[in-house]
Structures are given as C-alpha cells and as structure tokens.
Amino acid sequence: EAQVTQNPRYLITVTGKKLTVTCSQNMNHEYMSWYRQDPGLGLRQIYYSMNVEVTDKGDVPEGYKVSRKEKRNFPLILESPSPNQTSLYFCASTRLAASPTDTQYFGPGTRLTVL
Amino acid sequence: AQSVSQHNHHVILSEAASLELGCNYSYGGTVNLFWYVQYPGQHLQLLLKYFSGDPLVKGIKGFEAEFIKSKFSFNLRKPSVQWSDTAEYFCAVTLFSGGYNKLIFGAGTRLAVHP
C-alpha cells in the first residue's frame with residue numbers, strides 16, 4: 001500500500017529539548033515536504049527536498065532543520081524547540097513531476113506540544 | 001505573492017442543507033486546483049482536483065467544484081450535506097514552478113453539520 005508514515009503521532013516536550021520527527025514514504029518519490037498546520041493559517045510549507053541531499057527552505061523554515069540522506073526518509077529536526085512551534089505537522093511526498101498533474105500524498109500528522 | 005483565500009472560516013449547517021465554500025487564488029499562470037478534507041483527528045484527504053478540461057469537477061462523497069478562470073475561483077459545493085461531512089476543508093493551488101509542485105493552501109474552512 002502506497003503511504004507516507006510519520007512518527008511519533010503525538011509528542012509533548014519541553015523548551016530546548018532537541019527532537020526529531022521521522023517521515024518515510026514507500027512510493028520512490030523524489031519530492032518530499034514538511035508543512036505545519038495552525039488554526040486560521042492553513043498549511044504552511046517548512047522545508048522541501050527535491051531529491052537525496054537536495055533540500056531548500058519553504059515559507060516558514062525558522063527553527064527547523066531537515067536532512068535527506070535516503071530517498072525514502074525526510075526527518076524534521078527541531079534543535080531547540082520553543083512553544084511557538086506547538087503545531088500539527090504533516091509530511092508529504094510526490095513525484096518530481098514532468099507534468100503538473102501529480103498530487104501530493106500526506107502523512108497522518110504529528111501533533112507536537114512544546115511546554 | 002501567490003495566495004489562496006477561503007472566505008468562510010466557520011460554516012454551520014443543518015443536515016440536508018446545501019453547501020458552497022468559496023476559494024479564490026491569486027496567480028495569473030497555469031494552476032492546478034485541489035480541495036482537501038480533514039476529518040476530526042485525521043490527516044488530509046484529497047476530495048477532488050482540477051487540472052484541465054471540464055471546469056466542473058466531481059469528487060468523492062457527492063462533492064463537486066467549479067473552476068471559473070475569469071474569477072480566479074474554485075468553489076466547492078454539495079447539494080445536501082450530512083452530519084459526517086463535519087470537517088475542515090482546505091482549498092489548495094499547485095504552481096508548477098521549477099519542475100516541482102509547490103502547494104499553496106488556503107486557511108481552511110471549518111464546517112459543522114448539525115443533525
């Protein structure tokens with residue numbers, strides 16, 4: 001079954017304690033992306049990656065890091081989390097499309113609370 | 001900058017009422033349009049999409065949307081809503097830029113359907 005998985009699904013942590021949210025896809029997609037969802041703001045892109053070792057900032061990258069050492073995995077790293085990073089996070093993947101008709105597949109979400 | 005506007009942040013309807021959720025985007029080039037739905041506690045699911053052709057698009061669960069290019073709009077409709085349609089709905093636009101699909105989301109509309 002084609003899917004995007006994220007772990008953990010729920011996480012409560014404290015300010016300054018480094019954490020990593022994992023994302024994995026089994027569709028051999030080149031393009032992967034992280035979004036955060038906040039009430040009234042919709043989903044905003046944090047970082048994206050077009051292939052292994054190729055990453056770039058999205059619209060709200062401050063306070064986040066990513067890496068893409070393998071095609072299937074795209075972890076999101078918060079080196080020093082702060083309360084304003086409390087949010088619902090989604091990972092997504094898609095083919096690096098030659099045509100714009102491809103859609104993105106979304107993971108189930110990770111609800112992060114930073115105290 | 002490109003943006004997606006959803007005019008209604010909260011909509012409350014009774015079962016069997018008709019639904020129309022507005023979505024406008026600001027981009028003069030070629031776009032692909034999507035509506036996603038997020039049921040309580042669940043991840044995003046694709047409701048319907050428009051790439052080209054017939055501007056009236058039919059999706060899952062009785063939803064449809066109409067693309068009106070002159071109005072930069074892609075409104076979502078359903079003739080008769082059910083309690084199970086209670087969810088948050090996101091309009092999104094893909095800009096085919098630089099060989100990948102950057103998805104831009106609207107802020108979302110929370111729909112509550114009362115029995």
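Before any of the text, the structure's been laid out above.
First things first, this report covers the structure right here in the doc. (Residues numbered from 1 in each chain as written. Chains lettered and ligands numbered in written order. Predicted model: local features only at pLDDT ≥ 70, side-chain atom pairs only at ≥ 80, totals over all residues. Heavy atoms only, no water.)

So, about the sheet that holds strand β7 (residues 65–66) of chain A. Here four strands make up an open sheet; going across it, the order is β1-β3-β8-β7 (chain A) and the pairing antiparallel. Strands with a single pairing partner mark the edges of an open sheet, and in this sheet they are β1 (4–7) and β7 of chain A. (Pairing = 2+ DSSP bridges. Helix = DSSP H or I, 4+ residues; strand = E, 2+ residues; numbered from the N terminus.)

Quick look at the pairing of strand β9 (residues 87–94) of chain A now. Along any regular strand, the residues point their side chains to alternate faces of the sheet. All names here are of chain A. Judged by how many residues are buried, β9 sits mostly within the fold: eight of eight residues are covered. Burial along β9 is two-sided: Ser87, Tyr89, Cys91 and Ser93 and Leu88, Phe90, Ala92 and Thr94, pointing in opposite directions, are all buried. For strand β4 (residues 31–38) and β9, the ladder comprises seven bridges, and the chain directions are antiparallel. Paired with Ser33 across the two strands is Ala92, which belongs to β9. Bridge count between β9 and strand β11 (residues 110–114): three bridges; the pairing is antiparallel. Considered in β11, the bridge of Ser87 is made with Leu112. Bridge count for β9 against strand β10 (residues 105–106) is two bridges, and the pairing is antiparallel. Residue pairing for β10: Ser93 is matched across the bridge by Tyr105. (Buried < 20%, exposed > 50% of the residue type's maximum accessible area, 1.4 Å probe, protein only.)

What follows is about the interface of chain A and chain B. Listed per partner, the contact involves 26 residues of chain A and 21 residues of chain B. Taken over both partners, the interface formed by chain A and chain B buries close to 1,900 Å², and the fraction arising from carbon and sulfur atoms is 57%. One can count zero salt bridges joining chain A with chain B. Connecting chain A to chain B are two residue pairs in polar contact (both at pLDDT 80 or more). Elements that contribute at least two residues to the side of chain A that touches chain B include exactly β4, β5 (42–51) and β9 of chain A. Sort the elements by how many residues they give to the side of chain A that touches chain B and β5 of chain A lands first, with five residues. (Contact = heavy atoms within 4.5 Å. Buried area = accessible area lost by both parts, 1.4 Å probe. Salt bridge = Lys/Arg side-chain N within 4 Å of Asp/Glu carboxyl O. Polar contact = N/O pair within 3.5 Å; in protein donor to acceptor, adjacent residues only side chain to side chain.)

How two aromatic rings sit relative to each other is given by the distance of their centres and the angle of their planes. What the rule picks out here adds up to 15 aromatic pairs over all chains. For the ring pair Phe106 of chain A and Tyr36 of chain B, a centre distance of 5.4 Å and an interplane angle of 80° mean the geometry is edge-to-face. Here the residue Phe106 of chain A occupies a position in strand β10, and Tyr36 of chain B occupies one in strand β5 (residues 31–38), the pair thus bridging two chains. Comparing Phe106 of chain A with Tyr36 of chain B shows no difference in burial state: the two are buried. Each residue in the set Tyr35, Phe90 and Phe106 of chain A together with Phe34, Tyr36, Phe51, Phe90 and Phe105 of chain B is aromatic and connected to the rest through ring pairs, giving one cluster. The ring of Phe74 of chain A has Arg68 of chain A lying over it, and the distance from NZ or CZ to the ring centre is 6.0 Å. (Phe/Tyr/Trp six-rings, centres within 6.5 Å; stacked < 30°, edge-to-face > 60°. Lys NZ or Arg CZ within 6 Å of the ring centre and 35° of its normal.)

From the geometry alone we can't say anything about function, so treat these as descriptive.
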